[in-house]
Amino acid sequence: MRLILRRIALYVVTAVVAITINFFLPRLLPGNPALAVLGKAQSAESPQAVAALEVQYGVQTKTGEWGQYVQYWVHLLHGNLGTSLNAYPASVGSLIRAALPWTLGLVGTATVISFVLGTLIGVAAAWRRGSWLDNVLPVMTFFQAAPYFFVAILAVALFATKLGWFPASQGYDTATLNPGFTWAFIANVLDHAVLPALTIVLASAAGWILGMRNMMITTIDEDYVLLAQAEGLPRRKVIGYAARNALLPNVSGFSLAIGFIVSGALLTEIVFSYPGIGYLLFNSIGSDDYPVLQGIFLIITIAVLLANLLADFTYALLDPRTRQEA
Amino acid sequence: MRRLLRSPKIVTGLCLTVAFLILAIVGPLVAPYNPNSSASTTIGIAQPPSAAHLLGTTQTQQDVLSQLLAGGRSTILVSLVAGVAATVLAVGFGVAAGYLGGWADDLLSMLANIFLVLPALPLLIVIFGLLGRSNNPNDLLIGFIIAVTGWAFGARQLRAETLTMRARDFIDSAKIIGERSWRIMVFEILPNLVPIVATSFLFTVIYGVGTFTALSFLGVINTSQWSWGTMLYWAQNAQAAQDVHIQWWWFLPPGLAVGLFGTGLALLNFGIDEYVNPRLRTAGITGRRARKAGLPRRPQHGLTPVLRSPEAA
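Model, not experiment: these values are computed from the prediction.

### Brief notes about the interface of chain B and chain A
The interface of chain B with chain A comprises 61 residues on the first partner and 65 residues on the second. Carbon and sulfur atoms make up 74% of the area that chain B and chain A hide from each other, which totals about 5,600 Å². Linking chain B with chain A are zero salt bridges. Summed over the shared surface of chain B and chain A, the result is zero residue pairs in polar contact (both at pLDDT 80 or more). Per-element accounting of the side of chain B that touches chain A gives the leading share, 11 residues, to helix H12 (residues 248–276) of chain B. A breakdown of the residues in the side of chain B that touches chain A according to their chemical character gives 37 nonpolar, 17 polar and seven charged.

### Description of unusual backbone geometry
Positive phi values are uncommon outside glycine, yet A:Ser273 reaches one of about 45 degrees. Position of A:Ser273 among the secondary structure elements: in the loop between helix H10 (235–271) and helix H11 (277–286).

### Here's the deal with the side chain of A:Thr14
Turning to its location among the elements, A:Thr14 is positioned in helix H1 (residues 2–28). Residue contacts for A:Thr14: discarding those within four places in its chain leaves A:Leu305, B:Ile114, B:Val117 and B:Leu118.

### Some thoughts on a nonpolar patch on the surface
Residue and element names in this part refer to chain B. Together, Leu14, Val18, Ile22, Ile25, Val26, Leu29 and Val30 give the surface a local cluster of nonpolar side chains, amounting to about 640 Å² of exposed area. Positionally, Val26 belongs in helix H2 (residues 8–30). Among the residues examined, Val26 registers a relative accessible area of 35% and is labelled partly exposed.

### Focus: the side chain of B:Thr263
With respect to the helices, strands and loops of the structure, B:Thr263 is situated in helix H12. B:Thr263 has contacts with A:Pro138, A:Thr141, A:Phe142 and A:Ala145, leaving out every residue within four places of it along the chain.

### Structural notes on the packing of helix H7 (residues 148–162) of chain A against helix H8 (residues 183–220) of chain A
Residue and element names in this part refer to chain A. Packing of H7 against H8 brings their axes to within 9 Å, and their N-to-C directions diverge by 135 degrees. Between H7 and H8, the crossing angle belongs to the class labelled oblique. Considering how the two elements wind past one another, H7 and H8 form a crossing that is right-handed. Of the residues in H8, those in contact with Tyr148, Val151, Ala152, Ala155, Phe159 and Ala160 of H7 are Leu195, Leu198, Thr199, Ile200, Leu202, Ala203 and Ser204. Looking at the contact of H7 with H8 residue by residue, the class counts come to 11 nonpolar, two polar and no charged.

### Some points on the pattern of salt bridges
Tallying each qualifying case throughout the model produces three salt bridges over all chains. Across the pair A:Arg7 and A:Asp312 runs a salt bridge, and its minimum N-O distance is 3.2 Å. Taken together, the residues A:Arg7 in helix H1 and A:Asp312 in helix H12 (residues 290–318) connect sequence positions 305 residues apart. The residue B:Glu179 makes a salt bridge to B:Arg183 at a minimum N-O spacing of 3.4 Å.

### Comments concerning the packing of helix H6 (residues 133–145) of chain A against H12(B)
At a closest axis distance of 8 Å, the pairing of H6(A) and H12(B) adopts a crossing angle of 120 degrees. Here H6(A) lies oblique to H12(B), going by the angle between them. Where H6(A) crosses over H12(B), the two elements pack in a sense that is right-handed. Contacts from A:Pro138, A:Thr141, A:Phe142 and A:Ala145 of H6(A) reach H12(B) at B:Leu256, B:Val258, B:Gly259, B:Leu260, B:Gly262, B:Thr263, B:Ala266 and B:Phe270. Residue composition of the contact of H6(A) with H12(B), grouped by class: eight nonpolar, four polar and no charged.

### Considerations on the packing of aromatic side chains
In this description, a pair of aromatic rings is defined by centroid distance and the angle of the planes. All names here are of chain B. Summed over the entire model, instances satisfying the criterion amount to 11 aromatic pairs over all chains. The structure contains a cluster of three or more aromatic residues connected by ring pairs, namely Phe20, Trp228 and Phe261. In this arrangement the basic side chain of Arg183 is found over the ring face of Phe187, its NZ or CZ atom lying 4.7 Å from the centre.

Cut-offs used in this document
Residues numbered from 1 in each chain as written. Chains lettered and ligands numbered in written order. Predicted model: local features only at pLDDT ≥ 70, side-chain atom pairs only at ≥ 80, totals over all residues. Heavy atoms only, no water. Contact = heavy atoms within 4.5 Å. Buried area = accessible area lost by both parts, 1.4 Å probe. Salt bridge = Lys/Arg side-chain N within 4 Å of Asp/Glu carboxyl O. Polar contact = N/O pair within 3.5 Å; in protein donor to acceptor, adjacent residues only side chain to side chain. Helix = DSSP H or I, 4+ residues; strand = E, 2+ residues; numbered from the N terminus. Nonpolar A, V, L, I, M, F, W, Y, C, P; charged D, E, K, R; others polar. Patch = residues over 30% accessible without salt bridge, like charges linked within 9 Å, V, L, I, M, F, W, Y side chains within 5 Å. Areas by Shrake-Rupley, 256 points an atom, 1.4 Å probe, with all protein chains shown as cover. Buried < 20%, exposed > 50% of the residue type's maximum accessible area, 1.4 Å probe, protein only. Axes fitted to C-alpha atoms, helices over the stretch in contact; angles between N-to-C directions. Parallel < 35°, antiparallel > 145°, perpendicular 65-115°, else oblique. Left-handed = near helix turned anticlockwise from the far one by under 90°. Phe/Tyr/Trp six-rings, centres within 6.5 Å; stacked < 30°, edge-to-face > 60°. Lys NZ or Arg CZ within 6 Å of the ring centre and 35° of its normal.

Right, here's the structure in full:
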């Protein structure tokens, strides 16, 4: 329990740091981006919106920096992330709320598939060291080193454009279908999700495979595995014993990987015009929509921290030593 | 050293890396065209490879090969700068935290852990977005900013290794002689960490390539300065993969270049890992050779199969 509490403390501090960075960055960077934003806003938007932005970026206000900082926190705690410059009068919160389910569904499913598949392949590669599986490793290395979005572009070119097996863009057929709990809609969403998910699995599985293989090779040489085999247990059982113990570092490695996977998934969405956070991010970059960019940074940070916490709980569940400590 | 060079992973990785370094140095000089100039203003579709344009052209009739050669330099420069800067930070934080211990360790480890869980790419997007494309940050600055988000993993590894070293006899004796802390860290501990520093450097260079390419692909860094990421940005903008006639010559070269450069560095990394931990090695023991040497097909527990190659004997 102490471990979990320490991790929670770390995540809270990290969240505070992220929020503080978010507040001070536009005020500290050269060229005063806040003024540029306002310059853009003044020509296009209502006086109220401009006033709200002035508060958010600390321009023409008599409140000191500290007062603004407190005010920023109050806004955040009320769930107010500001107003979009581009999709005025939509709030940043509403834009993110619309996009978030798509990303969560896609990244969540793909990450689970990739973790399970990668771990299993890693076990097999360690057990049959020297078999053809070892030759697959360099190929996997390439997929890991190549950017996610390049893998995505390849997937679009091959499976969507050339073979026509799957749709190349969007989250569902916007022209013919309305979102709802209908069979046709769900099937259509799944059809559109296959290629982006495949891309994320392909690009992220290599890490799990290599981690699991290397850990498994070390574990196989342990005495208890030797004993298990000397006792004449069926091979399947022996592998099970070894794999369960080799799995731990992979679970703790999860917290390192999740940030990379989420970032990669955002880029993948852009290639597929998938209506999630990544696509929103891309559009906001193109239109200099700073409030949305900053809101997305905060939301992703919170999501990554929560995923980390989940991994920590899993770790504590799997490893009795972490529970005994308290 | 010769044992290092016998590993096929090290050799392949070294060849790839050196080839790309040469490309970065001479690339812009040997580019057949100016990467910005259009060969024709009347044609509006990307042209497939031909004798005049070995890798074809973009939609605006710019030469893809020239862009690839010109873009390599900034891509590789940024990633190397990021790698060096991040490694310096990682060594500084990691060794100091591990050696000093106490509240200094708590503070430095906390900092490293924060940067470890903070999602780097969204943070960089906000930073570069606010910096503005008009501010046009140069390659060095871009590398440094990327490094700030990429040092934490190396620092954590180096800290753990320093911790195990702190209790060794030679450190105690250095303390008794009266060496200062910084001297012990730099001259006693650091030389023993070289393999870990090397892998951490390679790791951050890979991170740098990927991150810089991603940022350029997003268009958050100046899109008129050539890098492999900006090439992909323009290719994606023109829907080169979605077009009925897939313009593979446009998006394949820059993507392959990034992937192969990263693969080269990763292979070097694995090679060093295997050098340090021989159990991970597969080198040479393929199924056919194992059978020829009379090794059992099914793995034996408690044993690491080792083959003496004829050359080595």
